[in-house]
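Given next are the chains, with one letter for each unit.
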Amino acid sequence: MEIEVIRKTDPEVAELIEKEFERQQTTIELIASENFTSKAVMAAAGTVLTNKYAEGKPYKRFYNGCENIDKIEELAQERAKKLFNADHANVQPHSGAQANMAVFMYAVKPGDTVMGMDLSNGGHLSHGSPVNFSGLYFNIVSYGINNNGEIDYENVRQLALENKPKLIIAGASNYSKIIDFKKFKEIADEVGALLLADIAHIAALVATGEHPSPFPYADFVTTTTHKTLRGPRGGIIMCKQEHAAGIDKAVFPGMQGGPLEHIIAAKAIALKEALSDDFKVYAKQVVLNAKALANSLIEEGLDIVGNGTDNHLMTLDLRKMNKTGKDIANVLEKVGITANKNTVPNDPQSPFVTSGVRLGSPAVTTRGFKEEDMKEVGKIIAEAVKNSDSEEKLKELRHRSLALCKKYPLYED
Ligand SMILES: *Cc1c(COP(=O)(O)O)cnc(C)c1O
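Please read these numbers as outputs of a predicted model, since none were measured by experiment.

A separate point is the packing of aromatic side chains. Per the counting criterion, the structure on display carries eleven aromatic pairs. Where F279 meets Y282, the ring centres are 5.4 Å apart and the plane angle is 40°; that geometry is what we call tilted. Of this pair, F279 and Y282 both sit in helix α12 (residues 277-299), separated by three residues, roughly a single helical turn. Assigned by exposure class, F279 and Y282 land together as buried. An aromatic cluster of three or more residues is present, and its members are F104, F133 and F138. Here the basic side chain of R230 rests over the ring of Y282, its NZ or CZ set 4.1 Å away from the ring centre.

Have a look at this one:
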């Protein structure tokens, strides 16, 4: 096994990897952006492909010896196009943020106006946060969500008419409703803006028809490959043919040097898996499990932003319980549930404290959790929130979460 090879050279790192495996094996992973890849995806990321420089595009490289790499990257491109029904795919972005950066580089100039969802309302850092390149170099106009947890499209339209953005971003890291890409397109057309759909979170749902597709509305579609898509950490940009050459140039030589071809091979494998019937079943279950968790929490008397979910995630609203997201995320860690604090609409707390916790179903669904298990997860969370000061109760809840983990072992075959 690889770990033995690592141990021979570096026992310190080997031990930490083993501990991390133990942590993943024995905790309930509800971080909505995480998942567990297949063994094949992981294996590809640890191959000789990491040794190869391949700047440029398949069959048009700046280095020799790329005959095998070219075919691997071409497979990844073709599978991405097929899965999402896209004209063009660039599979080289090292991450979702870099994919967005490349679209910015191609579509707008520093100082241009860009519209995106506000970070504290569920948007991503790379959609215009002041601490991110997107917020530093561009004039950002942010839109948010209303008290029902929904995008107010009329407000987006008004903001667009007033500010005349060159680029509008539709997509989020914490949004539990269906995104109406057609409406975004109508707004973009009305003001002459280009439309970027960032489906980093909902990629698997889009690929399998569980969420409406941004094609043919968006000019560009960016995604991560490691969230619901269940591949290696990385990004992909898809776009209309008219933008293909410009996007490719923005990725390389614009933003990046040599592509990570070992990761691109892992992306190709993940995309093949995502094209299978099994993956359709998986994506459907992701949504069913999120709904089951939301229902369980509501039955237990807790609040969910928007009172439910249409996709793979939700935000627990702790205001009524007089608890903070920071405290409850730490309490959940004590009972073996990993999740992250998150702001709720009009949050009275700072972004470091918050009044919410984001919960997602993609990772536990990969493990095999079904609706009845999510119901139990909801009960464990609710009891932890209500008894957060009782070490004894938290200990009992830890046993219950461990029992669920043992029911669905990771990487057993
Ligand atoms: C996660 C995410 C990204 C960035 O992905 P990284 O790979 O972490 O850079 C971009 N956009 C959205 C909407 C995301 O949720």
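Sheet strands pair via backbone hydrogen bonds, and the direction of the pair is either parallel or antiparallel. Reading across from one edge, β11-β12-β15-β14 is the order of the four strands in this open sheet, with antiparallel pairing throughout. Of all strands in the sheet, those bounded by a partner on one side alone are β11 (303-304) and β14 (340-342). Looking at chain direction, strand β12 (residues 313-317) and strand β15 (residues 356-360) are connected through five bridges and run antiparallel. From the neighbouring strand, L313 faces β15, where its bridge partner is G360. Contacts from α12 reach β11, β12 and β15, with the element oriented near 15° to β12.

Neighbouring the ligand are 14 residues, the closest being G96, A97, S173, D198 and K227. In this structure, a nitrogen atom belonging to the ligand sits 2.5 Å away from a side-chain N or O atom of D198. Within the contact set of the ligand, an oxygen atom lies 2.7 Å away from a side-chain nitrogen or oxygen of K227. Contact with the protein chains removes 85% of the 380 Å² of surface that the ligand exposes when unbound. Looking at which element gives the most residues to the shell around the ligand, the answer is helix α5 (residues 96-107), with three residues. Taken together, the residues that form the shell around the ligand break down as three nonpolar, nine polar and two charged.

Turning to the domain arrangement of the protein chain, a few remarks are in order. Domain annotation for the protein chain reports domain 1 (43-274) and domain 2 (282-407). The straight-line distance from the C-alpha centre of domain 1 to that of domain 2 is 29 Å. Taken residue by residue, the interface counts 20 residues in domain 1 and 22 residues in domain 2. Of the roughly 1700 Å² buried between domain 1 and domain 2 on both sides combined, carbon and sulfur atoms contribute 52%. Taken together, domain 1 and domain 2 are joined by one salt bridge. Two residues, E210 and K284, come together in a salt bridge whose shortest N-O distance is 3.5 Å. For the interface between domain 1 and domain 2, the tally reads twelve residue pairs in polar contact (both at pLDDT 80 or more).

Further remarks concern the pattern of salt bridges. Inspection of the entire model under this criterion finds 30 salt bridges. Ionic pairing is found between E154 and R157, a salt bridge with its closest N-O pair at 3.2 Å. Taken together, the residues span about one helical turn, with E154 and R157 both in helix α7 (residues 153-163) at a distance of three residues. Given a relative accessible area of 43%, E154 falls into the partly exposed group. D317 is the partner of R319 in a salt bridge, and the nearest nitrogen-oxygen pair spans 2.7 Å.

Right, let's talk about the packing of α12 against helix α15 (residues 371-386) for a bit. α15 packs onto α12 with a crossing angle of 35° between their chain directions and a minimal axis gap of 8 Å. The hand of the α12/α15 crossing is right-handed. Across from Q285, L288, N289, A292, L293, S296, L297 and E299 in α12, the residues of α15 making contact are E371, M374, K375, V377, G378, K379, I381 and A382.

Before going further, it helps to examine the pairing of strand β5 (residues 113-117). Within β5, five of the five residues are buried, leaving the element largely enclosed by the surrounding structure. Going residue by residue along β5, you find T113, M115 and M117 tucked away on one face and V114 and G116 tucked away on the opposite face as well. Where β5 and strand β7 (residues 167-171) come together, two bridges link them in parallel fashion. Note on β7: the bridge partner recorded for M115 is I168.

Here we come to helix α4 (residues 67-84). With 18 residues, α4 should cover 26 Å at 1.5 Å per step; its first-to-last C-alpha distance of 26 Å lies within 8% of that length. Turning to α4, the residues buried within the fold contact β2 (56-57), β3 (60-61), β4 (88-90), α9 (203-207), β10 (235-239) and α11 (261-274). Just downstream of α4 lies N85, where phi reads positive at about 60°.

Let's shift gears to the pairing of β15. A large share of β15 lies buried, amounting to five of its five residues. Bridge analysis of β14 against β15 gives three bridges, and the strand direction is antiparallel. Within β15, the residue paired with K341 across the bridge is V357.

What counts as what
- Residues numbered from 1 in each chain as written.
- Predicted model: local features only at pLDDT ≥ 70, side-chain atom pairs only at ≥ 80, totals over all residues.
- Heavy atoms only, no water.
- Phe/Tyr/Trp six-rings, centres within 6.5 Å; stacked < 30°, edge-to-face > 60°.
- Helix = DSSP H or I, 4+ residues; strand = E, 2+ residues; numbered from the N terminus.
- Buried < 20%, exposed > 50% of the residue type's maximum accessible area, 1.4 Å probe, protein only.
- Lys NZ or Arg CZ within 6 Å of the ring centre and 35° of its normal.
- Pairing = 2+ DSSP bridges.
- Contact = heavy atoms within 4.5 Å.
- Axes fitted to C-alpha atoms, helices over the stretch in contact; angles between N-to-C directions.
- Near = heavy atom within 4 Å.
- Polar contact = N/O pair within 3.5 Å; in protein donor to acceptor, adjacent residues only side chain to side chain.
- Areas by Shrake-Rupley, 256 points an atom, 1.4 Å probe, with all protein chains shown as cover.
- Nonpolar A, V, L, I, M, F, W, Y, C, P; charged D, E, K, R; others polar.
- Domains from an automatic or database assignment.
- Buried area = accessible area lost by both parts, 1.4 Å probe.
- Salt bridge = Lys/Arg side-chain N within 4 Å of Asp/Glu carboxyl O.
- Left-handed = near helix turned anticlockwise from the far one by under 90°.
- Expected span 1.5 Å × (residues − 1).

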